Amino acid sequence: DIVMTQTPLSSPVTLGQPASISCRSSQSLVHSDGNTYLSWLQQRPGQPPRLLIYKISNRFSGVPDRFSGSGAGTDFTLKISRVEAEDVGVYYCTQATQFRTFGQGTKVEIK
Amino acid sequence: QVQLVQSGAEVKKPGASVKVSCKASGYTFTSYGISWVRQAPGQGLEWMGWISAYNGNTNYAQKLQGRVTMTTDTSTSTAYMELRSLRSDDTAVYYCARDERYFDWLLNGAFDYWGQGTLVTVSS
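Residues numbered from 1 in each chain as written. Chains lettered and ligands numbered in written order. Predicted model: local features only at pLDDT ≥ 70, side-chain atom pairs only at ≥ 80, totals over all residues. Heavy atoms only, no water.

A.B. asks: Outline the pairing of strand β5 (residues 46-52) of chain B, listing residues and values.
C.D. replies: One face of the sheet, then the other: side chains in a regular strand alternate in exactly this way. Residue and element names in this part refer to chain B. Of all seven residues in β5, six are buried, a share of seventy percent or more. Relative to β5, strand β4 (residues 33-39) runs antiparallel, the two being bridged by six bridges. Among the inter-strand pairings, Val37 is bridged to a residue of β5, identified as Trp47. Here β4 hands over to β5 after six residues, with Gly42 in that stretch at a positive phi of 70°. In this structure, β5 lies alongside strand β6 (residues 58-60), joined through three bridges in antiparallel fashion. Counted as the bridge partner of Gly49 is Tyr60 from β6. Remark: five residues form the turn of the hairpin made by β5 and β6, two consecutive strands paired antiparallel; Gly56 in that turn has positive phi of roughly 80°. (Buried < 20%, exposed > 50% of the residue type's maximum accessible area, 1.4 Å probe, protein only. Helix = DSSP H or I, 4+ residues; strand = E, 2+ residues; numbered from the N terminus. Pairing = 2+ DSSP bridges.)

A.B. asks: I'd love a proper account of the sheet that holds β6 of chain B, names of residues and values included.
C.D. replies: All names here are of chain B. Spatially, β2-β10-β9-β4-β5-β6 is the arrangement adopted by the six strands of the open sheet, whose pairing is mixed. Each edge of the sheet is formed by a strand with only one pairing partner; in this case those strands are β2 (10-12) and β6. The sheet shows a mean angle of 20° between the axes of neighbouring strands, direction not considered. (Axes fitted to C-alpha atoms, helices over the stretch in contact; angles between N-to-C directions.)

A.B. asks: Before we move on, can you summarise the nonpolar core with the specific residues and values?
C.D. replies: With 38 residues, the main nonpolar core has Leu38, Trp40, Tyr91 and Phe102 of chain A together with Trp47 and Trp114 of chain B as its most contacted residues. For this core, the elements supplying multiple residues, two or more each, are β3 (19-25), β4 (38-43), β5 (50-54), β8 (75-80) and β9 (89-95) of chain A together with β5 and β9 (92-99) of chain B. With four residues, β5 of chain A is the single largest residue contributor to this core. Residues in contact with Tyr91 of chain A, not counting those within four places in the same chain, are Gln6, Ile21, Leu41, Gln42, Leu52, Phe67, Leu78, Ile80, Gly105, Thr106 and Val108 of chain A. (Core = buried A, V, L, I, M, F, W, Y, C linked by side-chain atoms within 4.5 Å. Contact = heavy atoms within 4.5 Å.)

A.B. asks: Could you give me a rundown of the side chain of Ser35 of chain B, with the residues and numbers involved?
C.D. replies: All names here are of chain B. With respect to the helices and strands, Ser35 occurs in strand β4. A polar side-chain atom of Ser35 sits 3.4 Å from the main-chain carbonyl oxygen of Gly49. Once residues lying within four places of it in the same chain are set aside, the contact partners of Ser35 are Trp47, Gly49, Trp50, Tyr95, Cys96, Ala97, Asp99 and Phe111. (Polar contact = N/O pair within 3.5 Å; in protein donor to acceptor, adjacent residues only side chain to side chain.)

A.B. asks: Which residues make up the pairing of β5 of chain A, and what are the values?
C.D. replies: All names here are of chain A. Across the five residues of β5, four count as buried, placing the element largely inside the fold. The turn linking β4 back onto β5 is made up of six residues, and Gly46 within it adopts a positive phi angle of 75°. As defined by bridge partners, β5 adjoins strand β6 (residues 58-59) across two bridges and the pair is classed as antiparallel. Considered in β6, the bridge of Ile53 is made with Arg59.

A.B. asks: Would you mind going over the sheet that holds β3 of chain A in detail, with residue names and values included?
C.D. replies: Residue and element names in this part refer to chain A. In space, the four strands of this open sheet follow the order β1-β3-β8-β7, with antiparallel pairing throughout. Where the open sheet ends on each side, the last strands, each with one partner, are β1 (4-7) and β7 (67-72). The sheet shows a mean angle of 20° between the axes of neighbouring strands, direction not considered. For β7 and β8, the ladder comprises six bridges, and the chain directions are antiparallel. The partner of Ser68 across the bridge, within β8, is Lys79.

Note that all results are geometric; they support no functional claim without further evidence.
Set out below in structure tokens:
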């Protein structure tokens, strides 16, 4: 199974400041079709997860442009350009290149 | 709009079975698959398996093989997940999420819509 490792596990941030979450996979996420199926989910407290980013860098419908994704191969990053109060929650990277697996989650909280 | 509505909370005894439903609306059910994901209290997300609503093909997480069965009823656009021989560590919120029609032939490769979750508590 592909193991997804996120860092940090907790990220205290100041409102209006940027935040960055790293996700590393145990093997390349490049699919045989040439695409990389790495996505990011946000889970607010008490809510189901919500899709933010798919295929590394594509924002899902309705996702604010302060969220951006980047990376390639085995190393990926989610960035929030200016953290807002509604961004508090746990963020997960997930891959669909081989089966489906999730990172452990990164908790974003306000300092 | 796309919606996945799950059945209500369940309390089961160890050794029993549970069957959770996920009713889809707002899209063509047979054009996609459904994955089931669970989350133990205070823990992260765990993928349980996938079923194609197009042809009924399934793919289960190895650790649950033999205890889980996923099915669909295309006449009602509903997906089901049955978990047998329940243990206390199966206590979790169970989510359905929209996935691809084919497991390895992907378009976006992402869980784009989620159900609200179903709490399953296993306790004697």
